[in-house]
Amino acid sequence: ALTGLVLFNNQLDSLPEGIFNDLTNLLSLFLHNNNLKSLDANLLLPLTNLGILTLQNNRNLHFNLNAIPSPERIFELRLENINSLTIANELSFPRMTQFGLYGIATVEGERFLSPMFSTLTRLNYVSIGWRGLDESILPIESICNAINPELAATFGRPTYFQISGSSYTTIDACSFLNKMDTINLSNNRHLEQVILPAEVEQLDVSNCNKLQQINFASANVEIADISGSKVPFSQHLCASIGSTSLTARGLRHDSFKSEGNAKQLIGNCFNGGVIFDVGSNVFSTNAKLFQDVAPSEVALTNGDDDLELIQVDTGLIAHTSQSIPFVFPGEHVNCQLKIGATIFFTGSYTTYS
């Protein structure tokens, strides 16, 4: 009997009536990256054993969560970047380990979110966020209580915590946990304060243009992106925050206008052997700032999202073609540094945590 059906990336805009009638043993159904507009409850009704349902990136999809015939069996449900979600009454997903609800244009039945999250105790992946979502609709504590890092570690899975595009003003990103692998809080335009766990492998708070407070002193973050935020200068940058990699483009706090602070940040990054990107800042292309603290060649990004190679001792600036990406584990990256006719290196890499 068929237990898995893969239909993603097929530009499907509809499914034939009765397509699943003889697939009662189906455990996984992958329908992401299509053009589906709806999934009728009667269509899914035969799938009483379904454990995995992926519908993300069907941008015109209107989905009723109550159409899932056996929610108690679901352990992976991905609904990111769909048009609308309806929750008609309270639902329980006691086996859920991966839950994606990010980038939904319209959500009806938001009052059922908090009771639903109270039934979740096994998550290692959660992705949520849309305009208007805040503490009054779904308390952050309810999301954090659903995460189970011990269970994730048992199965060798990283913990992924994302709240993006929301209206939260303060996010305590599960600080009661000792460690979180990835925390993605990007594009929260109302966010002013973030509280982190003691250990974080990757943090993204980019484009949080009101964010000013992060508990730098009590957290250690290996890879950090604070681009476009209002986070002030701190000695912890390229030290405990971004100890391996720091992306800090277009910083909005006035403290980075200080030449002394900028020079100290650059020095911290070089002295710590940190990979860093400080493009689109007022100091980004000031070669003089780098002369005392940098090696002879420094890669910088400018306001046009291009790489520049600055030869510090001569002030020579050469352009290449791509900005430095912020990447998560498992992504494929191609790199080449070419100046004039000379290729300094070419590489193809898959990132790992």
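Everything here concerns the structure above.
Residues numbered from 1 in each chain as written. Predicted model: local features only at pLDDT ≥ 70, side-chain atom pairs only at ≥ 80, totals over all residues. Heavy atoms only, no water.

**Details of the packing of aromatic side chains**
What describes a pair of aromatic rings is the distance from one ring centre to the other and the angle between the planes of the rings.
Then, in step 1: A full pass over the atoms with the stated rule returns five aromatic pairs.
Then, in step 2: With 6.0 Å between their ring centres and 45° between their planes, Phe93 and Phe99 make a pair best called tilted. Here Phe93 and Phe99 have matching classes, each one buried.
Then, in step 3: With 5.8 Å between their ring centres and 25° between their planes, Phe99 and Phe117 make a pair best called stacked. Taken together, the positions of Phe99 in strand E7 (residues 98-102) and Phe117 in helix H2 (residues 113-117) put the pair 18 residues apart, joining distant regions of the chain. Here Phe99 matches Phe117 in class, with each residue buried.
Then, in step 4: Every member of this aromatic cluster is reached through a ring pair, and the members are Phe93, Phe99 and Phe117. (Phe/Tyr/Trp six-rings, centres within 6.5 Å; stacked < 30°, edge-to-face > 60°. Buried < 20%, exposed > 50% of the residue type's maximum accessible area, 1.4 Å probe, protein only. Helix = DSSP H or I, 4+ residues; strand = E, 2+ residues; numbered from the N terminus.)

**A few points about the state of the cysteines**
Then, in step 1: Counting across every chain of the model gives two disulfides.
Then, in step 2: Here Cys144 pairs with Cys174 through a disulfide, and the sulfurs are 2.2 Å apart. Negative torsions about the S-S bond denote left-handed disulfides, and the value of about -90° found for Cys144 with Cys174 makes this one left-handed. Within this pair, whereas Cys144 is found in helix H3 (residues 140-145), its partner Cys174 is found in the loop between strand E11 (170-172) and strand E12 (179-184), the two being separated by 30 residues in sequence.
Then, in step 3: Accessibility expressed as a relative area gives 2% for Cys144, which makes it buried.
Then, in step 4: Between the sulfur atoms of Cys238 and its disulfide mate Cys269 the distance is 1.9 Å. Negative torsions about the S-S bond denote left-handed disulfides, and the value of about 80° found for Cys238 with Cys269 makes this one right-handed. In this pair, Cys238 sits in the loop between strand E16 (220-225) and strand E17 (241-247) while Cys269 sits in helix H5 (residues 259-271), placing the two residues 31 residues apart along the sequence. The exposure classification of Cys238 matches that of Cys269, with both residues buried.
Then, in step 5: Along the protein chain, the cysteines that take part in disulfide bonds pair up as 1-2, 3-4, counted in sequence order. (Disulfide = S-S within 2.5 Å.)

**Here's the deal with H5**
Then, in step 1: Its 13 residues place the ends of H5 18 Å apart at the C-alpha level, agreeing with the 18 Å of an ideal helix rising 1.5 Å per residue.
Then, in step 2: Looking only at H5, the buried set comprises Asn261, Ala262, Leu265, Ile266, Gly267 and Cys269.
Then, in step 3: If you follow the buried residues of H5, they end up packed against E17, strand E18 (275-277) and helix H6 (287-290).
Then, in step 4: Among the residues trailing H5, Gly273 stands out with phi positive, at a value near 65°. (Expected span 1.5 Å × (residues − 1). Contact = heavy atoms within 4.5 Å.)

**Here we look at the pattern of salt bridges**
Then, in step 1: All chains considered together, the criterion is met by four salt bridges.
Then, in step 2: The salt bridge involving Lys179 is made with Glu201; its shortest N-O contact spans 3.4 Å. With Lys179 in strand E12 and Glu201 in strand E14 (residues 199-204), this residue pair connects regions lying 22 residues apart in the sequence.
Then, in step 3: With relative accessibility at 42%, the residue Lys179 sits in the partly exposed group.
Then, in step 4: Overall, the relative accessible area of 14% leaves Glu201 in the buried class.
Then, in step 5: Asp254 is the salt-bridge partner of Lys257, the closest N and O atoms lying 3.3 Å from each other.
Then, in step 6: For Asp254, a relative accessible area of 52% corresponds to the exposed category. (Salt bridge = Lys/Arg side-chain N within 4 Å of Asp/Glu carboxyl O.)

**With respect to unusual backbone geometry**
Then, in step 1: Although it is not a glycine, Asn57 adopts a positive phi angle of roughly 65°.
Then, in step 2: Tracing the sequence through the fold places Asn57 in the loop between strand E3 (52-54) and strand E4 (62-64).
Then, in step 3: Take Asn57: its relative accessible area is 26%, and that puts it in the partly exposed class.
Then, in step 4: The backbone of Asn187 shows a phi angle near 60°, a positive value even though the residue is not glycine.
Then, in step 5: Its relative accessible area of 28% is what places Asn187 among the partly exposed residues.

**So, the nonpolar core**
Then, in step 1: Membership of the largest hydrophobic core comes to 94 residues, with the highest contact counts inside it found for Phe63, Leu65, Phe117, Phe161 and Leu246.
Then, in step 2: Looking at this core element by element, the count peaks at four residues for H5. (Core = buried A, V, L, I, M, F, W, Y, C linked by side-chain atoms within 4.5 Å.)

**Here we look at the sheet that holds E12**
Then, in step 1: Within the open sheet, the twelve strands sit side by side as E1-E2-E3-E5-E7-E9-E10-E12-E14-E16-E17-E18. Their pairing is parallel. Both outer strands of the open sheet, strand E1 (4-6) and E18, are each paired with one neighbouring strand and no more. Within this sheet the neighbouring strands show an average axis-to-axis angle of 10°, counted without direction.
Then, in step 2: Summarising the sheet, E12 and E14 pair through five bridges and their orientation is parallel. (Pairing = 2+ DSSP bridges. Axes fitted to C-alpha atoms, helices over the stretch in contact; angles between N-to-C directions.)

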